[in-house]
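# Coordinate analysis (summary)
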Amino acid sequence: MLPIIIQAAENFCLHQIRDSYRFVPPLNSMRTFLAYIDIEAENGSAHRAFIGCDRLLIQMITEIFLGEEESDDETLIDMLLETTNMIVGSAKVLASEAYDTSIRIATPFFSPDETIGSNGEDLCCISIKNGEMLIAVKRL
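Everything in this summary refers to the structure shown in the same document.

Take the overall build of the protein chain next. Scanning the protein chain from terminus to terminus reveals 3 helices and 7 strands. Listing the helices and strands of the protein chain from first to last along the sequence gives α-β-β-β-α-α-β-β-β-β. Computed over its C-alpha atoms, the radius of gyration of the protein chain comes to 14 Å, within 12% of the 14 Å expected for a compact globule of 140 residues. On the principal axes, the C-alpha backbone points of the protein chain span a range of 45 × 30 × 25 Å. Relative to its 140 residues, the protein chain shows a buried fraction of 46%. Restricting to contacts in the protein chain with at least 6 residues of sequence separation, those with at least 24 account for 66%.

So, in structure tokens, the structure goes:
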């Protein structure tokens, strides 16, 4: 599941943010706004996908979509939820086209207290300009 979501995140960087990206090692100390969305595949397997963005990146995304140079936390959280929905929604389309499988996605939720990396999640970190996006998937 992680490779499909990473591919969707790469597409998001190229087509929505319109900038290059690079993969970097995940930092345990990275402070992020974190959201998750539950995914169920047609074979019955269930996963939770996490998208986390540091303040710099989510503010950059908010400026691209809303034109706001400085946003409050509530706006940044709303933009993170929408970003999560766009990336995982794109992964749903990719899964259908590339792997001939369908997945169902739930509503994204903001996760102020979730810990990533300690429960066996697969994870990846993408650097865009000076911001970072964390992508993780945990089997449910």
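Attention shifts here to helix α3 (residues 73–99). End to end, α3 covers 37 Å across 27 residues, agreeing with the expected 39 Å (1.5 Å per residue, within 8%). D100 occupies a position one or two residues after α3 and carries a positive phi of about 50°.

Take a nonpolar patch on the surface next. Taken together, the side chains of I64, F65 and L66 make up a nonpolar region of the molecular surface, amounting to roughly 260 Å² of accessible area. Position of I64 relative to the elements: it lies in helix α2 (residues 55–66).

What counts, and at which threshold
Residues numbered from 1 in each chain as written. Predicted model: local features only at pLDDT ≥ 70, side-chain atom pairs only at ≥ 80, totals over all residues. Heavy atoms only, no water. Helix = DSSP H or I, 4+ residues; strand = E, 2+ residues; numbered from the N terminus. Rg over C-alpha atoms; globule rule 2.2 N^0.38 Å. Buried < 20%, exposed > 50% of the residue type's maximum accessible area, 1.4 Å probe, protein only. Contact = heavy atoms within 4.5 Å. Expected span 1.5 Å × (residues − 1). Patch = residues over 30% accessible without salt bridge, like charges linked within 9 Å, V, L, I, M, F, W, Y side chains within 5 Å. Areas by Shrake-Rupley, 256 points an atom, 1.4 Å probe, with all protein chains shown as cover. Salt bridge = Lys/Arg side-chain N within 4 Å of Asp/Glu carboxyl O.

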